[in-house]
Amino acid sequence: MPAIRPLRKLQVALETSPGTPVAATRILRGGGRLTEKRETYRTEYPHGVRAAAGGAGVITRRWTEWEWESELALEEIGWWLQSGVRQVTPTGSSDPYTWTWEPNLGSAGLSVQTISLEYVESDGTTNHYTAAAAYGVTTQLSFEVGTEKVASVKASGQARARQSTAPSNTATAVSARTLLPGPLFKVWWDTSWTGLGTTQLAGIVREAKVEIKTGWEPAWTLDGRADLDWTQAQPGLIDVSADLTMELDAVAAARIANWRANDLAFVRLAAAPSANREFRFDLSARLADELSFGEEGEVTTVSLKLAGVYDPASQKLLSIQVKNGSSSL
């Protein structure tokens, strides 16, 4: 029988030592795949024949990449934030636990916790394809919130070369997931980081999208790696953006005036299904050049794009806070 999508699994575990594989502990709900990647050198020099020469060539580099998407569940989003934004521990001695991810903006050191990944394509009896990879870092993460569905998340990243290790058979999925309906979210737009959460954009925001490029990328060095994979992760600039689509009324017109004046903006996107459960995204931003109008039904809308920028007063760029019932991932 062929492998089928419903039996596909992505399993993960946090690494204690970056690059040292750990048997998977958690099965993540969602869809996507982990893919082996390689680069091969094949000589371009002929030797007396009018044909490609040089045989199969030689593999020069190996690595893996993954893409995964799912609902934004408070109990699962931490895997991508821990391995892409920053390694943190939650506060609280009992439910709720509060996780706060803010990037380390002043260090080139490895400030995230790497993950081991296991991927399985199966027909239920036979695993037709398996792959394990260590030193996983999340390189891109995005959230989308609309009025007709629950908030969703997409994540992608890279890890070292695929290994033939058998997948763990003890990994489990979380027993309960807290999902966030779009209408539960609120959006605030303020003039300082300390003022975040003061001025709500009430009754006008139709859609919000967030994209985080974490800046982590592979560093390939001459270290005699038999797997021909990369040695470590190196940091680059963090690129954060948010798109807000609003009904065009007096409040939205004031935001267009902010755009015209090239003002800075401090934006919060948050949902709290209960006192003990919350997702909160805070961003210091400047207004990008894009300004676009549209329609939803007969209602005119305006979309503004915000580009994350460092705020010297608060020394902040980005903060993501999650309240859940988990003291660990």
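Residues numbered from 1 in each chain as written. Predicted model: local features only at pLDDT ≥ 70, side-chain atom pairs only at ≥ 80, totals over all residues. Heavy atoms only, no water.

(A) The pairing of strand 17 (residues 318–324), seen in detail. Counting buried positions over the seven residues of strand 17 gives six, a clear majority of the element. Pairing of strand 15 (residues 277–296) with strand 17 involves six bridges; the strand directions are antiparallel. Of the residues in strand 17, the one forming a bridge with E278 is K323. (Buried < 20%, exposed > 50% of the residue type's maximum accessible area, 1.4 Å probe, protein only. Helix = DSSP H or I, 4+ residues; strand = E, 2+ residues; numbered from the N terminus. Pairing = 2+ DSSP bridges.)

(B) Spatial organisation of the environment of S175. Residue position: S175 is located in the loop between strand 8 (152–159) and strand 9 (186–190). Residue class for S175 comes out exposed when judged on its relative accessible area of 81%. Here the alpha-carbon distance between S175 and E75, two residues 100 residues apart in the chain, equals 9.6 Å.

(C) Structural detail: the nonpolar core. W80, F143, F279 and F281 are the most contacted members of the largest nonpolar core, which totals 61 residues. W63, V137, W216 and A233 belong to the second-largest nonpolar core, a separate cluster that totals seven residues. (Core = buried A, V, L, I, M, F, W, Y, C linked by side-chain atoms within 4.5 Å.)

(D) Local environment of the side chain of Q113. With respect to the element layout, Q113 can be found in the loop between strand 5 (97–101) and strand 6 (115–122). Taking the relative accessible area as the measure of exposure, Q113 reaches 15% and is therefore buried. One polar contact links the side chain of Q113 to the main-chain carbonyl oxygen of E15, over a distance of 3.4 Å. If we skip the residues at most four places from it in the chain, Q113 touches L14, E15, Q82, S83 and Q87. (Polar contact = N/O pair within 3.5 Å; in protein donor to acceptor, adjacent residues only side chain to side chain. Contact = heavy atoms within 4.5 Å.)

(E) The arrangement of the pattern of salt bridges in detail. Scanning all chains against the criterion turns up eleven salt bridges. In this structure, R177 engages E71 in a salt bridge whose closest nitrogen and oxygen atoms are separated by 2.9 Å. One end of the pair, R177, is in the loop between strand 8 and strand 9; the other, E71, is in strand 4 (residues 58–71), and 106 residues separate them in sequence. On the accessibility criterion, E71 (30% relative accessible area) is partly exposed. Between R177 and E76 there is a salt bridge whose closest N-O contact spans 3.1 Å. (Salt bridge = Lys/Arg side-chain N within 4 Å of Asp/Glu carboxyl O.)

Function cannot be read off these values alone, since they describe shape.
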